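Close look at the chain arrangement
So you can see what is in the structure, the chains are spelled out below.
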Amino acid sequence: GQSLEQPSEVTAVEGAIVQINCTYQTSGFYGLSWYQQHDGGAPTFLSYNALDGLEETGRFSSFLSRSDSYGYLLLQELQMKDSASYFCAVSTVAGTALIFGKGTTLSVSS
Amino acid sequence: GAGVSQSPSNKVTEKGKDVELRCDPISGHTALYWYRQSLGQGLEFLIYFQGNSAPDKSGLPSDRFSAERTGGSVSTLTIQRTQQEDSAVYLCASSATSADTQYFGPGTRLTVL
């Protein structure tokens, strides 16, 4: 089967750095995406990696190692508004539907 | 510009009834996806439309589920003879081409009593 594993919950304080890991087992791999979802809201796109290495977008960075079937999302200078669920998602072929992990709930406290 | 819109935002129905959920993708986006999200779970793929190609229906959980996309734009997901296990948030996403980022709508929360 196809599966993505990510921690169910992470807690941190404002200003801290947190890393959310994602390991995947899929038949084929094209790219790894990260989405943020606030309670009751739509998933919003954060980052995408197709090649090994680090992609940086402001306070958020995403890393991919294709040989290890592993990636992570790094959130720096955490703010209360970053409290949300974060999903990793794999595309196995360009343009097909994404396969999502079950999500990591991040709680940021003051 | 306008994002993906979905209607209704909430739908409560009785077991055995049919429901229709609507998705308006971002204008000009050729690819459209339907996903389902159960409470506390990730998103589960249902069906995918790309241009005029035959849709990828591989994620539909049963033959009670069907979807159409008219004129390459608006899509309707229909669930016939709804069951309680159909209760979930149904999310629609679109992308400019099949290889681009998917942008999600706010979803329709379906409750089957």
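For the structure itself, look to the data block above.
Presented here is an overview of the structure given in this document. Going along each chain's sequence as written, the residues are numbered from 1 onward. The lettering of chains begins at A and the numbering of ligands begins at 1, in the order of writing. Per-residue local features of the predicted model are confined to residues with pLDDT of at least 70, and side-chain atom pairs are confined, for both listing and counting, to 80 or more; whole-chain, interface and lining totals are unaffected and use all residues. Heavy atoms from the whole structure form the basis of all side-chain values; hydrogens and water molecules are not counted.

Okay, the sheet that holds strand E7 (residues 60-65) of chain A next. The strands making up a sheet associate through hydrogen bonds between their backbones, and the pairing can be parallel or antiparallel. Residues and elements named next belong to chain A. If you walk across this open sheet you meet the five strands as E1-E3-E8-E7-E6, and the pairing is antiparallel. Two strands bound the open sheet, and with one partner strand each, they are strand E1 (3-5) and strand E6 (53-57). If you compare each strand with its neighbour and ignore which way they point, the axes differ by 15 degrees on average. Pairing between two strands is assigned when DSSP locates at least 2 bridges connecting them. Only runs of H or I of at least four residues qualify as helices and only runs of E of at least two qualify as strands under DSSP, and these elements are numbered from the N terminus. For E7 and strand E8 (residues 70-75), the ladder comprises six bridges, and the chain directions are antiparallel. Along E8, the bridge assignment pairs Phe60 with Leu75. Only the contacting stretch of a helix is used when fitting its axis, a line to C-alpha atoms as for every element, and angles between N-to-C directions run 0 to 180 degrees.

Note: most residues except glycine have negative phi, and most peptide bonds are trans. Residues and elements named next belong to chain B. Here the bond from Ser7 into Pro8 is cis, since omega is -10 degrees, no more than 30 degrees from zero. By the element assignment, Pro8 lies in the loop between strand E1 (5-7) and strand E2 (10-13). A positive phi angle, close to 50 degrees, is found at Arg81, a residue other than glycine. Tracing the sequence through the fold places Arg81 in the loop between strand E7 (75-79) and strand E8 (88-95).

Residue and element names in this part refer to chain B. Taken together, the four strands give an open sheet; going across it, the order is E1-E3-E7-E6, and neighbouring strands pair in antiparallel fashion. In this open sheet, the two edge strands, each paired with only one partner strand, are E1 and strand E6 (65-69). If you compare each strand with its neighbour and ignore which way they point, the axes differ by 15 degrees on average. Pairing between E6 and E7: five bridges, direction antiparallel. Its bridge partner being in E7, Ala67 is matched across the sheet by Leu77.

In short, shape yes, function no, at least from these values alone.
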